[in-house]
Amino acid sequence: GPGLSSPVRCPGCPDSRASVLSYVAGIAWFLALAFPPLTQRTYMSENAMGSTMVEEQFAGGERARGFARDFAAHRRKTGALPVAWLERTMRSVGLEVYTQSFSRKLPFPDETRERYMVAGTNVYGILRAPRAASTESLVLTVPCGPDSTNSQAVGLLLALAAHFRGQIYWAKDIIFLVTEQDLLGTEAWLEAYHDTNVTGMQSSPLQGRAGAIQAALALELSSDVVTSLDVAVEGLNGQLPNLDLLNLFQTFCQKGGLLCTLQGKLQPQDWTSVDGPLQGLQTLLLMTLQQASGRPHGAHGLFLRYRVEALTIRGINSFRQYKYDLVAVGKALEGMFRKLNHLLERLHQSFFFYVLPALSRFVSIGLYMPAAGFLLLVLDHALELWMQLHEAGAGPQEAGGASGPGPPLPPAQSVGLASLVAPLLISQAMGLALYVLPVLGQHVATQHFPVAEAEAGGLAPPLSCRVMSAQAPDRGWMALKLVALIYLALQLACVALTNFSLGFLLAATMVPAAALTHPCGPRPLYATLLVLTSPAATLLGCLFLWRELQEAPLSLAEGWQLFLAALAQGVLDHHTYGALLFPLLALGLYPCWLLFWNVLFWK
């Protein structure tokens, strides 16, 4: 067609029509995920959990409230987790009780929680299964942070432990775990339980163990009554629990008449009209943003790394008229534990890769991957470049007659490759500097600015990347752009497979600028486009979108503050839990982004 063979088109520029069509198809496919042909009803795949009827008998609501009051009083008195009281109480209900102390020096001060040297104690009690050897176990955990007391959750945990102790049908050990310092305590306990040390945590070894953990539930309650239960699924680096665990939670919420939400949103009832799917799209976008962040959105997020299926259940007390007490929540948890007790093998029948427009609807990996595929198809412009380079290598050199050596072609090709080494090495070195900077510079920076080191890193301007862009023929920048496109496509394809949300968001923003950038065109326009689609700008845009979807929009100043906090938090999450978003951006996508600046200012 005329688009392909047009004589006006600059060599190395993409065929705009095919690229635009492919990009629009990718975005449209993603938005269509919330609509019925692509979204399906959830269903229970695990036979051991689907076929058994369970009658819940938990009635310890008053006891749970009593435990919660005592816990809160002792906590106020000691100013920390009342370890001695917890040990006494757990022993009194018949558990084997152990403690674990831990400490961790953060790479730089955590401004949001105002902590640097962190120390704490975890307390856990084990209920041994009367009907089996200690080969498998289940975990109920309550994380306690310095700001959130979570005392009702601790009260319910203790009341459930007392109730479970009186039953004879347990075939798996049950571990009741109360952790201090939020997720840091959970991480310390998990590392000690599995005898690994991936984050440099100092902790005492565990004195008591149960079997291999099959599943875990984390509980967060802020009051004696709840109006709804919100469930969090996103784990570290965007990992998700097996979908059957979510189906199990939803089953028992429906059975007990409890209102359950996902991302704080009620599920739409009517999927036949447009309103239901549009509401589902909001939930889907919220999940995409949460999963792309790579942060564990609850204590369950750290269990997933150890191949333990886990959820966080949060009790919400809002203005809704229907209220449920702790008995209703306790019954739902009891039912879930009894079903999990029937498992003969790890949860594996259902999906591990999915996105959720609602609790009762899901989109599996086979249906959502085309969205990322269409976006990455825009980068097949690299093939076109390859063909043009090949033709340029075969025919006479048009553009480089003056600067190139002339007729002998093989030396010119080697010069072309040599000229690529410098920008590649410099871009990669800039990325490495960005990765090392926050921790190296923290002792100076944190004295003056809260997150100056992260701020400097996120917005490091592409200044030094033009160095050694020698005067070269068209094929010089074409070769560099070819390398940059392949590098970007490889990274985005790998990321989209493991964390679809992150891969899709990065592809949606970086791909258009990557495909369009070339030295012979409106440079200010391309430069602006590159700045607007940088990883830092994408993060800023995502924060505004996230708060907009939560119906709590940000002002520009608030957005900027949240952005700086998110940068610092991303670096901290990498060093404290092993989140991979920061190294991916610093060592992979940022150098790649700098290569496109090199292409833009090649001449």
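All of these numbers come straight from a predicted model, not from anything done at the bench.

Colleague: Got a minute to help me understand the overall build of the protein chain in this structure?
Modeller: Per the secondary structure count, the protein chain includes 22 helices and 12 strands. Counting only residues that meet the buried cut, the protein chain has 55% of its 603 residues in that class. A separation threshold of at least 6 residues defines the contact pool for the protein chain, and within that pool the share at least 24 residues apart is 81%. By element, 63% of the accessible surface of the protein chain is carried by carbon and sulfur atoms, the whole surface being about 24900 Å².

Colleague: How should a nonpolar patch on the surface be read in this particular structure?
Modeller: Residues Leu432, Val436 and Leu440 make up a contiguous nonpolar surface patch of about 270 Å² in total accessible area. With respect to the helices and strands, Leu440 occurs in helix H14 (residues 409-440).

Colleague: For this particular structure, what's the right way to read the side chain of Thr283?
Modeller: In this structure, Thr283 sits in helix H9 (residues 275-293). Since its relative accessible area comes to 3%, Thr283 is described here as buried. When residues no more than four places from it in sequence are discounted, the contact partners of Thr283 are Leu262, Gln263, Lys265, Leu356 and Pro357.

Colleague: For this particular structure, what's the right way to read the side chain of Gln569?
Modeller: Summarising the element assignment, Gln569 is placed in helix H21 (residues 556-577). Not counting residues within four places of it along the chain, the set of residues in contact with Gln569 comprises Asp110, Thr112, Arg113 and Arg295.

Colleague: I would appreciate a short explanation of the nonpolar core in the present structure.
Modeller: In summary, soluble globular proteins display a tendency toward joint burial of nonpolar side chains. In this structure, Ile175, Trp189 and Leu488 are the most contacted members of the largest nonpolar core, which totals 98 residues. Ignoring anything within four residues of it in the chain, the contact list for Ile175 reads Tyr124, Gly125, Ile126, Ser137, Leu138, Val139, Leu140, Trp189, Tyr193 and Ala210. Residues Val83, Trp85, Ile174 and Val329 belong to the second largest nonpolar core, which totals 71 residues.

Colleague: Help me understand the packing of helix H4 (residues 61-78) against helix H5 (residues 83-92) in this model?
Modeller: To characterise two packed helices, one gives the angle between the axes of the helices and the distance between these axes. The N-to-C vectors of H4 and H5 enclose an angle of 155°; their axes lie 9 Å apart at closest approach. Between H4 and H5, the angle falls in the class roughly antiparallel. As H4 runs across H5, the sense of the crossing is right-handed. Residues Phe67, Asp70, Phe71 and His74 of H4 form the contact with H5, whose own contacting residues are Trp85, Leu86, Arg88 and Thr89.

Colleague: Quick question: what am I supposed to make of the UniProt feature "transmembrane region" (unreviewed entry) in the protein chain here?
Modeller: On the UniProt side, "transmembrane region" (unreviewed entry) is annotated at positions that read residues 20-39, 351-379, 415-437, 482-505, 525-546, 553-572 and 578-601 here. Each end of residues 482-505 is marked by a C-alpha atom, and these two atoms are 22 Å apart; helix forms 96% of the span and strand 0%.

Colleague: Help me out: how do you make sense of the pattern of salt bridges in this one?
Modeller: Where charged atoms from two side chains of opposite charge approach closely, those side chains can pair. Enumeration over the complete set of coordinates arrives at 12 salt bridges. Of the charged contacts in the structure, one is a salt bridge between Asp173 and Arg128, with a shortest N-O distance of 3.2 Å. Of the two residues, Asp173 is situated in strand S5 (residues 173-180) and Arg128 in the loop between strand S3 (115-127) and strand S4 (136-144); the sequence distance between them amounts to 45 residues. Looking at Asp173, the relative accessible area reads 0%, which means it is buried. A relative accessible area of 28% means that Arg128 is categorised as partly exposed. Among the ionic pairs, Arg307 bridges to Glu309, the shortest N-O distance being 2.7 Å. Classification of Glu309 as buried rests on a relative accessible area of 4%. Residues joined in a network through salt bridges with shared partners are Glu62, Arg65 and Arg69.

Conventions we followed
Residues numbered from 1 in each chain as written. Predicted model: local features only at pLDDT ≥ 70, side-chain atom pairs only at ≥ 80, totals over all residues. Heavy atoms only, no water. Helix = DSSP H or I, 4+ residues; strand = E, 2+ residues; numbered from the N terminus. Buried < 20%, exposed > 50% of the residue type's maximum accessible area, 1.4 Å probe, protein only. Contact = heavy atoms within 4.5 Å. Areas by Shrake-Rupley, 256 points an atom, 1.4 Å probe, with all protein chains shown as cover. Patch = residues over 30% accessible without salt bridge, like charges linked within 9 Å, V, L, I, M, F, W, Y side chains within 5 Å. Salt bridge = Lys/Arg side-chain N within 4 Å of Asp/Glu carboxyl O. Core = buried A, V, L, I, M, F, W, Y, C linked by side-chain atoms within 4.5 Å. Axes fitted to C-alpha atoms, helices over the stretch in contact; angles between N-to-C directions. Parallel < 35°, antiparallel > 145°, perpendicular 65-115°, else oblique. Left-handed = near helix turned anticlockwise from the far one by under 90°. UniProt positions renumbered as here; feature names shortened; annotations may be inferred.

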